[in-house]
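Read off the chains here:
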Amino acid sequence: MENKLQKTIPFSLQQAMQWRERFGTPFYVYDEQGIRNTVSSVQRAFSWNRGFTECFAVKATPTPAILRLLASLGCGTDCASVSELVLSDSCGLSGRKVMFTSNETSEEAYRKAVSIGAIINLDDITQIENLERSAGIPDTVCLRYNPGKFEIQGKNATSAIMGSQADSKYGMTKTQLFEAYGILREKGVKHFGLHCMAASCSLDASYYPTLAEMMFNIVVEVKEKLGIEIEFTDFGGGIGIPYRPEQEPVDIEAIGKAVHEVYDRIIAGRGLEVSIYTELGRFVTGPHGYLVTSVRGFKHIYKEYVGVDATACDLMRPAMYGAYHHITVLGKEGNELKVDVCGSLCENNDKFAIDRVLPMAQLGDILVIHDAGAHGRSMGYNYNGFMRCGELLLSPRGDVRLIRRSESLDDLFATFDVDEDFSYDA
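In this report, we go over the structure that sits alongside the text. The structure presented is a predicted model; accordingly, all values stated were derived computationally and were not measured.

1. Re the overall build of the protein
Phase 1: Scanning the protein from N- to C-terminus turns up twelve helices and 19 strands.
Phase 2: Relative to the 2.2 N^0.38 estimate, which gives 22 Å for 426 residues, the radius of gyration of the protein is 23 Å and therefore close to what a compact globule would have.
Phase 3: Referenced to the eigenvectors of the C-alpha coordinate spread, the extents of the protein come out at roughly 70 × 65 × 45 Å.
Phase 4: Within the span of the protein, comprising 426 residues, buried residues form 53% of the whole.
Phase 5: The long-range fraction of contacts in the protein, counting pairs at least 24 apart against all pairs at least 6 apart in sequence, stands at 71%.
Phase 6: Summed over all atoms, the accessible surface of the protein reaches about 19100 Å², with 48% contributed by carbon and sulfur.
Phase 7: Between the averaged position of the 43 positive side-chain charges in the protein and that of its 56 negative side-chain charges there is a distance of 4 Å.

2. A few points about the pattern of salt bridges
When charged atoms on two side chains of opposite charge get close, those side chains can pair.
Phase 1: For the structure on display, the rule yields 20 salt bridges.
Phase 2: The salt bridge involving Arg133 is made with Glu107; its shortest N-O contact spans 3.1 Å. Here Arg133, found in helix 6 (residues 127–134), pairs with Glu107, found in helix 5 (residues 107–115); they are 26 residues apart in sequence, far enough to count as distant.
Phase 3: Overall, the relative accessible area of 36% leaves Glu107 in the partly exposed class.
Phase 4: In this structure, the salt-bridge partner of Asp365 is Lys332, at a minimum N-O distance of 2.5 Å. Taken together, the positions of Asp365 in the loop between strand 16 (351–359) and strand 17 (366–369) and Lys332 in the loop between strand 14 (327–329) and strand 15 (336–342) put the pair 33 residues apart, joining distant regions of the chain.

3. Describing a nonpolar patch on the surface
Phase 1: Residues Met387, Leu409, Phe413 and Phe416 make up a contiguous nonpolar surface patch of about 400 Å² in total accessible area.
Phase 2: Residue placement: Phe413 occurs in helix 12 (residues 409–413).
Phase 3: Residue classification places Phe413 among the partly exposed residues on the basis of a relative accessible area of 44%.

4. Section: helix 3 (residues 64–72)
Phase 1: Listed as buried for helix 3 are Ala65, Ile66, Leu67, Leu69 and Leu70.
Phase 2: Of the residues trailing helix 3, Gly74 is marked for its positive phi of about 95°.

5. Quick notes on the environment of Ser408
Phase 1: Along the polypeptide, Ser408 turns up in the loop between strand 19 (400–404) and helix 12.
Phase 2: Distance in space between the C-alpha atoms of Ser408 and Arg22 is 16 Å, their sequence separation being 386 residues.

6. What to know about the nonpolar core
Phase 1: Core analysis: the largest hydrophobic core is formed by 104 residues, its most contacted members being Tyr208 and Leu211.
Phase 2: The dominant element in this core, judged by the number of residues it contributes, is helix 8 (residues 207–226), at eleven residues.
Phase 3: If you look at the next biggest cluster of nonpolar residues, it comprises 13 residues, including Val29, Leu330, Leu392 and Val400.

7. Some thoughts on unusual backbone geometry
Phase 1: Note the cis peptide between Thr25 and Pro26, where omega equals 0°.
Phase 2: Along the chain, the position of Pro26 falls in the loop between helix 1 (13–23) and strand 1 (27–31).
Phase 3: Even without glycine at this site, Cys201 takes up a positive phi of about 55°.
Phase 4: Position of Cys201 among the secondary structure elements: in the loop between strand 9 (191–195) and helix 8.
Phase 5: Backbone geometry places Asp371, a non-glycine residue, at a positive phi of 55°.
Phase 6: Note on placement: Asp371 falls in the loop between strand 17 and strand 18 (390–394).

8. Comments concerning the packing of aromatic side chains
Phase 1: Evaluated as defined, the whole model comprises 17 aromatic pairs.
Phase 2: A ring pair is formed by Phe46 and Tyr208, whose centres lie 6.5 Å apart and whose planes are at 65°; its orientation type is edge-to-face. Taken as a pair, Phe46 in the loop between helix 2 (32–45) and strand 2 (53–57) and Tyr208 in helix 8 lie far apart in primary sequence, 162 residues in all. Of the two residues examined, Phe46 and Tyr208, each falls in the buried class.

9. Here's the deal with the sheet that holds strand 11 (residues 275–278)
Phase 1: Judged by pairing direction, the barrel is parallel, and its eight strands sit side by side in the order 2-3-4-5-6-9-10-11 before closing back on the first. Here the strands of the sheet are splayed against their neighbours by 25° on average, with no regard to which way each runs.
Phase 2: Where strand 9 meets strand 10 (residues 230–234), four bridges bridge the pair, whose relative direction is parallel. Bridged to Leu194 within strand 10 is Thr233.

10. A closer look at the pairing of strand 9
Phase 1: Taking burial as the measure, the five residues of strand 9 include four buried ones, the bulk of the element.
Phase 2: In this structure, strand 6 (residues 140–144) lies alongside strand 9, joined through five bridges in parallel fashion. Note on strand 9: the bridge partner recorded for Arg144 is His195.
Phase 3: Considered for its hand, the β-α-β crossover made up of strand 9, helix 8 and strand 10 is right-handed.

11. Examining the side chain of Thr101
Phase 1: Note on placement: Thr101 falls in strand 4 (residues 98–101).
Phase 2: Residue class for Thr101 comes out buried when judged on its relative accessible area of 9%.
Phase 3: Reaching out from Thr101, the side chain makes a polar contact with the side chain of Asn121 at a distance of 3.1 Å.

What counts, and at which threshold
Residues numbered from 1 in each chain as written. Predicted model: local features only at pLDDT ≥ 70, side-chain atom pairs only at ≥ 80, totals over all residues. Heavy atoms only, no water. Helix = DSSP H or I, 4+ residues; strand = E, 2+ residues; numbered from the N terminus. Rg over C-alpha atoms; globule rule 2.2 N^0.38 Å. Buried < 20%, exposed > 50% of the residue type's maximum accessible area, 1.4 Å probe, protein only. Contact = heavy atoms within 4.5 Å. Areas by Shrake-Rupley, 256 points an atom, 1.4 Å probe, with all protein chains shown as cover. Lys, Arg positive; Asp, Glu negative; His and termini not counted. Charge placed at Lys NZ, Arg CZ, Asp CG, Glu CD. Salt bridge = Lys/Arg side-chain N within 4 Å of Asp/Glu carboxyl O. Patch = residues over 30% accessible without salt bridge, like charges linked within 9 Å, V, L, I, M, F, W, Y side chains within 5 Å. Core = buried A, V, L, I, M, F, W, Y, C linked by side-chain atoms within 4.5 Å. Phe/Tyr/Trp six-rings, centres within 6.5 Å; stacked < 30°, edge-to-face > 60°. Pairing = 2+ DSSP bridges. Axes fitted to C-alpha atoms, helices over the stretch in contact; angles between N-to-C directions. Right-handed = clockwise from strand over helix to strand, strands pointing away. Polar contact = N/O pair within 3.5 Å; in protein donor to acceptor, adjacent residues only side chain to side chain.

Structural data, given as structure tokens:
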């Protein structure tokens with residue numbers, strides 16, 4: 001029998017029913033106060049580091065209202081595409097508040113990144129030529145490192161999301177890294193950074209301190225061998241959230257303290273100064289987003305099924321990764337049954353839970369799918385012609401506002417038959 005621990009929800013059944021009446025289900029709702037609290041905890045954890053910047057990964061929750069909230073709290077953004085750069089710029093974020101980390105990058109993307117003054121984080125040594133040809137070499141460039149093998153407490157850091165470093169498409173080898181720094185210096189770069197994201201969704205508190213040790217040692221080696229001072233290191237994201245109720249969240253302030261100790265020993269001990277960037281998309285918004293859906297049917301065959309009006313088009317992580325998301329039947333407890341919770345796509349992996357023990361639901365009950373605030377709505381798609389759902393923001397006062405409406409058929413069909421003069425031959 002699975003763990004019966006429950007997760008808290010910042011809204012009531014009555015509120016959810018009111019929102020369903022106004023907006024219909026499914027929808028996402030984000031807890032503004034929760035996001036504010038998490039950002040504050042990250043900033044306290046690294047307040048000792050001059051220049052520390054949390055560059056929120058736009059891909060986690062690319063919604064302007066969320067980005068504007070984060071900008072108001074002092075965050076920057078981590079972008080990987082033209083649209084994410086445009087979103088950041090439109091939300092008042094540009095210059096060194098924006099980290100552009102891309103791979104197999106288009107010329108258009110380089111030009112846009114340079115035009116808003118974003119820090120270019122090159123994924124590969126061959127991209128130096130592509131950047132120069134398309135947008136010119138800016139005076140600040142960061143390089144992404146792939147260590148090939150990265151261990152946390154003696155175990156290889158790998159996951160279903162990111163895989164092992166040796167199999168990852170991201171970053172440069174150490175030899176390429178040093179060669180690239182030399183080339184860029186010759187091309188006039190004045191300010192250098194070092195980036196590495198070696199894990200994904202890690203709940204091990206030693207991940208960032210271990211990563212910091214590796215990266216800070218490279219900073220020292222680059223200084224000693226090339227005479228180049230690396231001004232900032234970007235740890236990427238990688239810190240996870242407790243998707244299961246029995247899991248403990250990481251203590252971000254303890255992590256910051258441990259990184260501080262590594263910094264003092266390796267960086268400050270040599271008279272250097274390095275700013276730290278993080279890209280904590282999942283950690284910042286993940287726990288504070290909820291997918292709210294209504295029960296629309298049941299099926300009793302070889303297994304028991306609860307059907308809901310959300311589908312994998314709204315949250316694909318369970319279908320794509322087999323990821324666990326906790327589910328609450330609002331207002332219900334006890335009288336439990338083992339069920340699969342599924343949507344209505346013509347795909348058998350369209351399931352939010354498999355063999356999950358839940359209180360027995362009735363038609364019209366509201367289910368809340370937890371920890372969907374990152375890589376949830378942003379990974380939505382339109383298979384079977386299903387339309388992606390809307391998003392709400394729950395204020396600290398308890399009221400909500402619509403920050404993205406649900407898609408309509410007009411949205412879905414807007415790109416069809418753009419050549420109005422086309423006709424088939426008789």
